[in-house]
Protein chains: 2
Amino acid sequence: MTDSTSDGPGPDDATTNLLSDSGALQGVTAARGFRAAGVTAGLKTSGRPDVALVVNDGPSDAVAAVFTSNRAQAHPVIWSRQVVGDGVARAVLLNSGGANCFTGAFGFQTTHLTAEAVGDALGIGAGDVVVCSTGLIGVGDQTFRDGVLRGVTLAADALTDGGGPDAATAIMTTDTKPKQSVVTVDGWTVGGMAKGAGMLAPGLATMLVVITTDAALTSDELDQALRAATRVTFDRVDSDGCMSTNDTVVLMSSGASGTTPEVGDFQEALTAVCADLARQLQQDAEGAAHDIAIEVIGAVSEDDAVTVGRSVARNNLFKAAVFGNDPNWGRVLAAIGTTEAEFDPYAVDVSMNGIRVCHAGAPDQPSDSVDLTPRDTHVLIDLGVGPYAATILTNDLTHDYVHENSAYSS
Amino acid sequence: MTDSTSDGPGPDDATTNLLSDSGALQGVTAARGFRAAGVTAGLKTSGRPDVALVVNDGPSDAVAAVFTSNRAQAHPVIWSRQVVGDGVARAVLLNSGGANCFTGAFGFQTTHLTAEAVGDALGIGAGDVVVCSTGLIGVGDQTFRDGVLRGVTLAADALTDGGGPDAATAIMTTDTKPKQSVVTVDGWTVGGMAKGAGMLAPGLATMLVVITTDAALTSDELDQALRAATRVTFDRVDSDGCMSTNDTVVLMSSGASGTTPEVGDFQEALTAVCADLARQLQQDAEGAAHDIAIEVIGAVSEDDAVTVGRSVARNNLFKAAVFGNDPNWGRVLAAIGTTEAEFDPYAVDVSMNGIRVCHAGAPDQPSDSVDLTPRDTHVLIDLGVGPYAATILTNDLTHDYVHENSAYSS
């Protein structure tokens with residue numbers, strides 16, 4: 001095991017110390033066997049880069065992916081689910097500037113044509129091309145199609161083995177910065193990029209993540225590791241409770257390191273990259289003034305801990321109170337009470353930033369002894385009925401959130 | 001059947017035409033056999049009235065009530081659930097200025113002492129006194145107890161048969177106006193008062209409603225009618241998705257009219273009063289700039305229609321878009337997709353203020369043809385899979401909402 005630190009500290013010390021300070025090797029091109037590009041195809045009125053391409057040059061072409069659980073799924077999600085079904089993919093084409101969701105049969109044809117164009121440009125089959133789109137739902141007309149196809153040509157010509165940062169930039173929508181992470185372990189590497197602000201994105205349609213590795217693993221091994229990693233990372237970022245139609249996390253293995261790591265080692269590295277990217281998503285959530293970690297302990301099951309954390313994370317009253325630096329623990333308890341989780345409302349402890357403000361369902365330390373001015377906010381909820389725990393990452397509800405999301409499509 | 005119109009139009013024309021323009025007879029004292037008072041006991045730092053008392057002088061003492069389904073329940077809720085268990089109550093004591101929730105054993109004793117004080121003042125048993133509290137969770141110390149008990153004495157001395165408006169004023173917290181409604185039918189009357197902004201209150205701990213009638217009905221009849229009425233009125237106001245710990249709706253019958261109406265007639269009158277009060281709660285929701293009716297049709301069950309409407313009503317992205325007068329139907333579809341309701345995402349129609357912006361899951365009329373500037377906003381969702389419908393009332397997500405709720409307890 002080697003290396004340490006990245007731009008954003010991960011939420012878990014046990015994995016954070018894996019993160020690489022990898023210099024020139026960044027994001028999806030840190031692992032060997034991958035090329036990437038990010039280009040400007042004119043989809044964004046801002047004129048910023050808007051089409052990214054990530055290519056796996058092998059020797060392996062194993063892939064795994066997870067998609068949004070929203071039953072309203074964008075055309076690229078419907079397409080890509082089929083693509084990864086056989087465990088094989090060679091490229092991921094991503095565009096910002098339009099989600100291509102609820103755009104009718106024309107929209108699905110656009111996704112299909114996009115994959116065919118990538119296949120033609122790279123000399124591979126369209127059925128091995130994952131497609132991801134992000135931006136406004138309902139955007140996917142002829143102009144959009146023309147732009148994406150123009151982007152495919154430009155991106156295929158621009159592919160390099162150092163193109164990770166360009167790709168990470170091209171998938172941004174309201175992100176203020178690109179998000180990348182790398183872990184290198186004993187000769188093999190896991191790298192990734194992300195955009196958005198959570199599986200439950202605050203301001204746009206999507207969280208998109210592409211992760212690459214040169215470790216040699218089968219698609220089944222990738223699939224198991226990816227599901228285990230996303231379950232405890234991206235699935236626990238709940239910035240605003242709004243589930244997207246386009247969320248996609250893709251993991252590709254090139255096998256170019258020639259090394260097959262122990263399953264546990266790969267799981268650890270992959271989880272570290274996912275946790276780091278998840279934390280970067282939280283820190284860049286639209287309009288947020290606080291990054292809130294809601295740690296639930298003493299639950300009878302991990303599911304209960306997640307349920308309680310998510311309920312608090314979705315409570316607008318609690319979130320607005322944190323924005324106002326108000327340690328309003330009553331709103332925490334009211335949110336817990338709406339769940340089916342096992343607990344006794346009059347035995348719960350709540351601490352905020354280290355001060356226990358509620359003990360056994362009654363006031364404890366005075367609320368004015370809590371300092372909520374730091375951006376990093378820690379809420380500890382002890383249900384006191386079992387040994388299980390989980391942490392949900394969320395953000396506060398701010399004027400900027402309302403502003404950005406009342407004006408985004410206007 | 002007689003009379004028409006009140007301060008606030010109800011959401012349903014079929015019941016609105018029952019509402020009385022009753023002149024001097026208002027709210028909980030419109031029905032014969034009731035006295036009420038609202039007094040200033042010093043619980044509110046503003047010096048505004050904060051304790052209300054409603055007394056049923058009979059001859060009947062039948063009562064029914066529904067309470068919050070939040071598992072974290074305030075002491076007054078725990079107490080009052082016991083009080084109404086035998087179908088008998090003679091008085092309701094309500095305070096603003098503190099929710100007496102999560103205030104430990106002392107808090108429960110305060111509720112008990114409050115009921116005993118009312119019983120002593122009126123010459124009735126404490127076990128026939130419903131107690132309701134509203135305000136901040138965690139407030140319920142000795143000062144609070146002293147204030148409430150002082151209020152009991154003052155209120156008992158101030159009881160009159162025209163005290164309804166005073167009582168309606170004393171239960172206000174961040175409400176900007178008192179909320180009352182009356183229906184008179186063939187010699188019997190249903191009247192009521194309310195505070196808060198929904199079963200899922202936007203800015204404080206509670207929705208409280210007291211309804212009185214001089215119709216002669218048993219407690220079982222009251223209970224059935226009340227559950228049927230609240231299910232389609234208060235339960236469908238979902239202003240901000242935050243479920244309270246103190247919500248209480250109490251219905252008392254004095255029987256003083258000497259008339260026992262047909263069950264259907266009473267149900268209709270009671271539902272009209274509840275719908276009118278629910279609409280007034282929505283119209284006075286904290287910080288709201290739009291009153292949004294989300295009408296879901298074409299569902300395979302009423303439950304599905306409610307589920308879909310509630311999911312849209314709780315979607316912050318949709319609510320912020322309405323605040324920005326942005327008919328962002330993609331956010332409506334994304335919210336529908338998070339439910340378990342039966343539907344085909346590519347067969348849904350969505351109209352906003354009469355303009356169909358989405359047909360069969362694809363763009364229809366241009367969004368800029370929708371005028372969202374009126375405060376009253378209508379979203380029509382046709383799931384197209386069945387004959388059932390339901391309407392959820394909600395509000396938009398505004399800067400004022402964030403402001404009021406980030407500063408409420410500071």
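Residues numbered from 1 in each chain as written. Chains lettered and ligands numbered in written order. Predicted model: local features only at pLDDT ≥ 70, side-chain atom pairs only at ≥ 80, totals over all residues. Heavy atoms only, no water.

What about the overall build of chain A?
Put simply, the rule is: For the purposes of this entry, the term helix denotes a DSSP run of H or I that reaches at least four residues, the term strand denotes a run of E that reaches at least two, and both are numbered from the N terminus. It is over C-alpha atoms that the radius of gyration is taken, and the globule rule equals 2.2 Å times the number of residues to the power 0.38. Three labels apply to residues, based on accessible area from a 1.4 Å probe with only protein chains included: buried if under 20% of the type maximum, exposed if over 50%, partly exposed otherwise in between. Per-residue and other accessible areas follow the Shrake-Rupley method at a 1.4 Å probe size, with only the shown protein chains counted as cover for residues. Just so you know, the count uses Lys and Arg for positive and Asp and Glu for negative, and it drops His and the chain ends. All charge positions are set by atom: Lys at NZ, Arg at CZ, Asp at CG, Glu at CD.
Looking only at helices and strands, chain A features eleven helices and 15 strands. For chain A, whose C-alpha radius of gyration is 21 Å, the value lies close to the compact-globule estimate of 22 Å for 410 residues. Overall, the C-alpha framework of chain A stretches about 65 × 50 × 35 Å when taken along its three principal axes. Going through the 410 residues of chain A one by one, you find that 61% of them count as buried. Element-wise, carbon and sulfur atoms account for 49% of the exposed surface of chain A, whose accessible area totals about 13,400 Å². Taking the 22 positively charged and 51 negatively charged side chains of chain A as two groups, their mean positions are separated by 6 Å.

Concerning the confidence of the model for chain A
Residues and elements named next belong to chain A. Applicable threshold: The pLDDT value expresses, per residue, how confident the predictor is, ranging between 0 and 100. Whether two residues are in contact is decided by their heavy atoms, any of which lying within 4.5 Å being enough.
Scored by pLDDT, chain A comes out at a mean of 89, with 91% of its residues at no less than 70. This model gives residues 1-16 a pLDDT under 50, and the stretch forms 41 contacts once residues within four places in sequence are excluded. Across residues 198-205, confidence stays below pLDDT 50; counting only partners more than four residues off in sequence or on other chains, it has 54 contacts.

Observations concerning the pairing of strand β14 (residues 376-382) of chain A
Residue and element names in this part refer to chain A. Convention followed: Two strands are counted as paired when DSSP detects at least two bridges linking them.
Burial along β14 is one-sided: the residues Thr377, Val379 and Ile381 are buried and none of Asp376, His378, Leu380 and Asp382 is. Bridge analysis of strand β10 (residues 291-299) against β14 gives seven bridges, and the strand direction is parallel. Paired with Ile294 across the bridge in β14 is Val379. Where strand β11 (residues 349-352) and β14 come together, four bridges link them in antiparallel fashion. Residue pairing for β14: Val350 is matched across the bridge by Ile381.

Looking at the domain arrangement of chain A
Residue and element names in this part refer to chain A. Rules: Domain delimitation in this document rests on an assignment produced automatically or drawn from a domain database. Defined in terms of a 1.4 Å probe, buried area is the accessible area two parts forfeit on being brought together, summed over both. Only one rule defines a salt bridge in this text: a Lys or Arg side-chain nitrogen within 4 Å of an Asp or Glu carboxyl oxygen.
Along its sequence, chain A is carved into domain 1 (13-283) and domain 2 (291-407). If you look at the interface, domain 1 gives 15 residues, while domain 2 gives 19 residues. It is Arg236, Asp238 and Gln282 that lose the most area in domain 1 upon contact with domain 2, and together they represent 48% of the buried surface on that side. Seen at the junction of domain 1 and domain 2, the total is five salt bridges. Between Arg231 and Glu302 there is a salt bridge, and its shortest N-O distance comes to 3.1 Å. Residue contributions to the side of domain 1 that touches domain 2 peak at three residues, all from helix α7 (residues 263-283).

A few points about the packing of helix α8 (residues 302-313) of chain A against helix α10 (residues 329-337) of chain A
Axes are the key here: two packed helices are described by the angle between their axes and the distance separating the axes. Residue and element names in this part refer to chain A. Quick note on the threshold: Each axis is a line fitted through C-alpha atoms, taken for helices only over the stretch in contact, and angles between the N-to-C directions span 0 to 180 degrees. Each angle is binned into one of four classes, with values under 35 degrees roughly parallel, values over 145 roughly antiparallel, values of 65 to 115 roughly perpendicular, and all other values oblique. In a left-handed crossing the near helix is turned counterclockwise from the far helix by less than a right angle, and in a right-handed crossing that turn is clockwise. Under this grouping Gly is polar, as are all residues other than the nonpolar Ala, Val, Leu, Ile, Met, Phe, Trp, Tyr, Cys and Pro and the charged Asp, Glu, Lys and Arg.
At a minimum axis separation of 8 Å, α8 and α10 run at an interaxial angle of 125°. Classified by the angle between their axes, α8 and α10 sit oblique to one another. Note that α8 runs across α10; the crossing there is right-handed. Listed contacts from α10 to Val308, Ser311 and Val312 of α8 are Val332, Ala335 and Ile336. Considered class by class, the residues forming the contact of α8 with α10 number five nonpolar, one polar and no charged.

Quick notes on the environment of Ala293 of chain A
Within the secondary structure, Ala293 of chain A sits in strand β10. Those residues in contact with Ala293 of chain A, other than ones at most four positions away along the chain, are Gln282, Thr377, His378, Val379, Thr391, Ile392 and Leu393 of chain A.

Some points on unusual backbone geometry
Across the junction of Gly58 of chain A and Pro59 of chain A, the peptide omega takes the value 20°, indicating a cis bond. Its location among the elements puts Pro59 of chain A in the loop between β2 (51-56) and β3 (62-67). For Asp186 of chain A, which is not glycine, the phi torsion reads 50° and is therefore positive. Mapped onto the elements of the fold, Asp186 of chain A is located in the loop between β6 (179-185) and β7 (188-195). Positioned with a positive phi, Asn353 of chain B is a non-glycine residue whose angle comes to about 45°.

Looking at the interface of chain B and chain A
If you look at the interface, chain B gives 58 residues, while chain A gives 58 residues. Buried area between chain B and chain A, summed over both chains or domains, comes out near 4,100 Å², and the portion from carbon and sulfur atoms is 59%. When the area that chain B buries against chain A is broken down by residue, the three leading residues are Arg71, Phe102 and Tyr346 of chain B, summing to 19%. Of all the secondary-structure elements, those providing two or more residues to the side of chain B that touches chain A are α2 (75-83), α9 (316-323), α10 (329-336), β13 (362-363) and α11 (399-407) of chain B. If you tally residues by element for the side of chain B that touches chain A, the top one is α11 of chain B, at six residues.

What about the packing of helix α9 (residues 316-323) of chain A against α11 of chain B?
Interhelical geometry of α9 of chain A versus α11 of chain B gives an angle of 75° and a closest axis separation of 7 Å. Judged by the angle between their axes, α9 of chain A and α11 of chain B are roughly perpendicular. Residues Asn316, Leu317, Ala320, Ala321 and Phe323 of chain A of α9 of chain A touch α11 of chain B, and the partners they reach there are Tyr401, Val402, Asn405 and Ser406 of chain B. In terms of residue class, the contact of α9 of chain A with α11 of chain B is made up of six nonpolar, three polar and no charged.

Topic: the relation of the copies chain B and chain A
To keep things clear, this is the line we draw: Least squares is used to superpose the copies, and the fit set is the C-alpha atoms of residues whose pLDDT is at least 70 in both copies.
With an RMSD of 0.0 Å, the fit of chain B onto chain A corresponds to turning through 180° and sliding 0.0 Å along the axis. Both copies of the chain, as the preceding transformation shows, are related through a two-fold rotation axis. Looking at the rotation axis and the C-alpha trace of chain B, the residue lying nearest is His399 of chain B, at 2.7 Å. Of all interface residues in chain B, 100% are interface residues in chain A too; the two copies therefore contact each other through one and the same surface.

Thoughts on the pattern of salt bridges
Scanning the model with the defined rule gives 26 salt bridges over all chains in all. When the shortest N-O distance is used, the salt bridge between Arg35 of chain A and Asp57 of chain A registers 2.7 Å. Of this pair, Arg35 of chain A sits in strand β1 (residues 34-39) while Asp57 of chain A sits in the loop between β2 and β3; the two residues are 22 residues apart in sequence, bridging distant segments of the chain. Among the residues examined, Asp57 of chain A registers a relative accessible area of 38% and is labelled partly exposed. Measuring nitrogen to oxygen at the nearest pair gives 3.1 Å for the salt bridge that ties Asp223 of chain B to Arg227 of chain B. One end of the pair is Asp223 of chain B and the other is Arg227 of chain B, both in helix α6 (residues 219-231) and four residues apart, which spans about a single turn. Judged by relative accessible area, Asp223 of chain B falls into the partly exposed class, the value being 25%. The partly exposed category is assigned to Arg227 of chain B, whose relative accessible area is 46%. One salt-bridge network, held together by shared partners, links Asp175, Lys179 and Asp284 of chain A.

What to know about the sheet that holds β1 of chain A
Residue and element names in this part refer to chain A. As summarised here, the arrangement of the four strands in space is β1-β2-β4-β5, forming an open sheet in which the pairing is mixed. Pairing within the sheet leaves two strands with one partner each, and these edge strands are β1 and β5 (129-133). Strand after strand, the sheet turns through a mean of 10° between neighbouring axes, direction not considered. For β2 and strand β4 (residues 91-95), the ladder comprises five bridges, and the chain directions are antiparallel. Within β4, the position partnered with Val54 by the bridge is Val92. Strands β1, β2, β4 and β5 of the sheet are contacted by helix α4 (residues 142-158), whose axis makes an angle of about 135° with β1.

Side note on the environment of Asp400 of chain A
Locating Asp400 of chain A in the fold gives a position in helix α11 (residues 399-407). Spatially, the C-alpha atom of Asp400 of chain A lies 36 Å from that of Asp344 of chain A, the residues being 56 residues apart in sequence.

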